[in-house]
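Below are the chains, spelled out letter by letter.
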Amino acid sequence: MNGSSLDIREAIAAAKAKCLAGEPLTKEEMVRLLDIPVGSEEDLLLRRTAKEAAMAVTGGKGYIWCAVGMDFVPCSMNCDFCSFGEKWQVIKEPHHVTEEEILKSVRRYVEGGAAYIVLRTTEFYSVDRLLSYIPVIRKEVPGEYVIILNTGEMTPETAEKVAAGGVYGVYHALRLREGMDTPFDPAVRINTMKNVSGSPLKLISLTEPVGPEHTSEEIAEAFLNTVRCGAVIGGTMARFPVPGTPLGDTRRLTDEEMAHLVAVLRLSGGNVVHDICVHPASPQTMESGANVMVVESGAIPRDTDFAENDWHDTSMLRARQLLEDAGYAVSSVDV
Ligand code: SF4
């Protein structure tokens, strides 16, 4: 073993010690781990170490995150990676999910062991309309699950109203190259994240959508922003290139690359980010420290067709299988 390999092994051990002590890594420490070549011996050590840390931090609990895409409609924000951007004109038959369709999906997800039921929308969906569904879902679908919204920007007042409406948490992210690949002012996105975590709501935020062009520095900075904003679930999502969008001819990251990212993020979040979510999930990512996986249906910003059933190779059975194969017990959230 050469000197630098030894140094990297020491850096991995030090990162695990910090993680178990509840201390987030610094940007420099994260970049060092992110720069380990994917597939190298050191990478495999990093991933094994992250899995050990995950088991210790989570107590072996894994969670299924089930998203219902509510509105398959053009969105005027036109993010470069999103099929809903109205300028890309790839949505041919707009569709708003009906109450009946929502209940059908939620029932199926809850029966399959979902911990999180997520109502996901484009940027300008009415929050009041979303909140009107919460009591209906609760009445019609009993079970031990929490409800999450993934929608547009929120003021402190909106966040309080959403919490009072029976919502557990909100997904919101400062996307990679926000303001370049999207028209948003990054400060606006960060404000919403802070407004959520400053309310009774939990903030959930992934480092996304990751493509091959993103540098270790950008990824580390984006993840540390989620830590600073107080996200309780972090993680990462790959960019799924959608034909017809400006970033549609890029490459999707491999499962090995995603596993590498997951491992670094797992060791980096201290006692702020408790759970690590990954999309798409694979045996490699679940063996590298992720303990939350995504199943989704309806309007998917990663596709040009409405998904009547679970999208691509996401399904409740597969989610359970991946979590259990990695040694996690499929659990509900302690509230
Ligand atoms: S990512 Fe969100 S805000 Fe951007 S175009 Fe898609 S739906 Fe609209």
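Above this text sits the structure in question.
(A) Here's a closer look at the overall build of the protein chain. Scanning the protein chain for helices and strands turns up 11 helices and 12 strands. Relative to its length of 335 residues, the protein chain is compact, with a C-alpha radius of gyration of 19 Å against a globular reference of 20 Å. Taken across its 335 residues, the protein chain has 60% of its residues classed as buried. For the protein chain, long-range pairs separated by at least 24 residues make up 73% of all intrachain contacts whose partners lie at least 6 apart in sequence. When the accessible surface of the protein chain is totalled, it reaches about 13,400 Å², and 52% of it is carbon and sulfur. A gap of 2 Å separates the mean positions of the 32 positive and 48 negative side-chain charges of the protein chain.

(B) A look at empty space enclosed by the protein. In total, this model carries one cavity of 30 Å³ or more according to the counting rule given. Of the voids in this model, the largest cavity is the one considered here, and its volume is about 670 Å³. Taken together, 40 residues form the lining of the largest cavity, with Arg-120, Asn-150, Arg-175, Glu-208 and Pro-301 sitting closest to its centre. For the lining of the largest cavity, the secondary-structure elements that each account for two or more residues are strand 1 (61-69), strand 4 (116-120), strand 8 (207-210), strand 9 (233-238), strand 10 (275-279) and strand 11 (292-298). Sort the elements by how many residues they give to the lining of the largest cavity and strand 1 lands first, with three residues. Tallied by class, residues from the lining of the largest cavity come to 22 nonpolar, 10 polar and eight charged.

(C) Region of interest: unusual backbone geometry. Cis geometry marks the peptide bond from Glu-208 to Pro-209; its omega dihedral reads -15°. Within the element layout of this structure, Pro-209 appears in strand 8. Backbone torsion omega between His-279 and Pro-280 reads 5°, so that peptide bond is classified as cis. Tracing the chain through its elements places Pro-280 in the loop between strand 10 and helix 10 (283-286). Of note, Asn-78 is a non-glycine position whose phi angle comes to about 55°, a positive value. Classification of Asn-78 by relative accessible area gives buried; the value is 12%.

(D) Geometry of the environment of Ala-329. As for its placement among the helices and strands, Ala-329 is situated in strand 12 (residues 329-330). Under the relative-accessibility criterion, Ala-329 is labelled partly exposed at 44%. When near neighbours in sequence (up to four residues on either side) are disregarded, Ala-329 contacts Gly-60, Lys-61 and Gly-62.

(E) Expanded view of the pairing of strand 4. Taken across its five residues, strand 4 has five buried, putting it largely inside the fold. By the alternation rule, side chains of strand 4 split into Tyr-116, Val-118 and Arg-120 and Ile-117 and Leu-119, which are all buried. Where strand 1 meets strand 4, five bridges bridge the pair, whose relative direction is parallel. Residue pairing across strands places Ala-67 opposite Val-118, the latter belonging to strand 4. As defined by bridge partners, strand 4 adjoins strand 5 (residues 146-150) across five bridges and the pair is classed as parallel. Directly across from Val-118, in strand 5, lies its bridge partner Ile-148. Following the backbone out of strand 4, through helix 5 (residues 127-140) and into the adjacent parallel strand 5, one traces a crossover that is right-handed.

(F) Just the site of the ligand, in detail. Residues in close proximity to the ligand include Cys-75, Met-77, Asn-78, Cys-79, Cys-82, Phe-84, Thr-122, Glu-123, Arg-175 and Phe-184, which together make up its full environment. According to the grid-proximity analysis, the pocket containing the ligand is the largest cavity. Looking at the shell around the ligand residue by residue, the classes come out as six nonpolar, two polar and two charged.

(G) Spatial organisation of the pattern of salt bridges. Enumeration according to the criterion identifies 24 salt bridges in this entry. When the shortest N-O distance is used, the salt bridge between Glu-178 and Arg-189 registers 3.5 Å. Linking Glu-178 in the loop between strand 6 (169-171) and helix 7 (186-197) with Arg-189 in helix 7, this pair joins segments that are 11 residues apart in sequence. Note on Glu-178: relative accessible area 8%, which makes it buried. Of the charged contacts in the structure, one is a salt bridge between Glu-221 and Arg-228, with a shortest N-O distance of 2.7 Å. Since its relative accessible area comes to 55%, Arg-228 is described here as exposed. The network of salt bridges with shared partners includes Glu-123, Glu-153, Arg-175, Glu-178 and Arg-189.

(H) Structural detail: the pairing of strand 9. Most of strand 9 sits out of view: six of its six residues are buried. Side chains of strand 9 alternate between two faces, with Ile-233, Gly-235 and Met-237 and Gly-234, Thr-236 and Ala-238 buried alike. Here strand 8 runs beside strand 9; their pairing, made up of two bridges, is parallel. Looking at the pairing, Thr-207 lines up with Thr-236 of strand 9. Note: strand 9 against strand 10, five bridges, orientation parallel. By the bridge assignment, Met-237 is partnered in strand 10 with His-279. In this view, the connection linking strand 9 to its parallel neighbour strand 10 by way of helix 9 (residues 255-268) has right-handed handedness.

Calculation rules
Residues numbered from 1 in each chain as written. Predicted model: local features only at pLDDT ≥ 70, side-chain atom pairs only at ≥ 80, totals over all residues. Heavy atoms only, no water. Helix = DSSP H or I, 4+ residues; strand = E, 2+ residues; numbered from the N terminus. Rg over C-alpha atoms; globule rule 2.2 N^0.38 Å. Buried < 20%, exposed > 50% of the residue type's maximum accessible area, 1.4 Å probe, protein only. Contact = heavy atoms within 4.5 Å. Areas by Shrake-Rupley, 256 points an atom, 1.4 Å probe, with all protein chains shown as cover. Lys, Arg positive; Asp, Glu negative; His and termini not counted. Charge placed at Lys NZ, Arg CZ, Asp CG, Glu CD. 1 Å grid on protein atoms, 1.4 Å probe; cavity = no way out; pocket = protein on both sides within 12 Å on 5 of 7 lines; lining within 4 Å. Points joined across faces, edges and corners; volume = space filled by probe spheres on them. Nonpolar A, V, L, I, M, F, W, Y, C, P; charged D, E, K, R; others polar. Pairing = 2+ DSSP bridges. Right-handed = clockwise from strand over helix to strand, strands pointing away. Near = heavy atom within 4 Å. Sits in = over half its atoms within 2 Å of the grid points. Salt bridge = Lys/Arg side-chain N within 4 Å of Asp/Glu carboxyl O.

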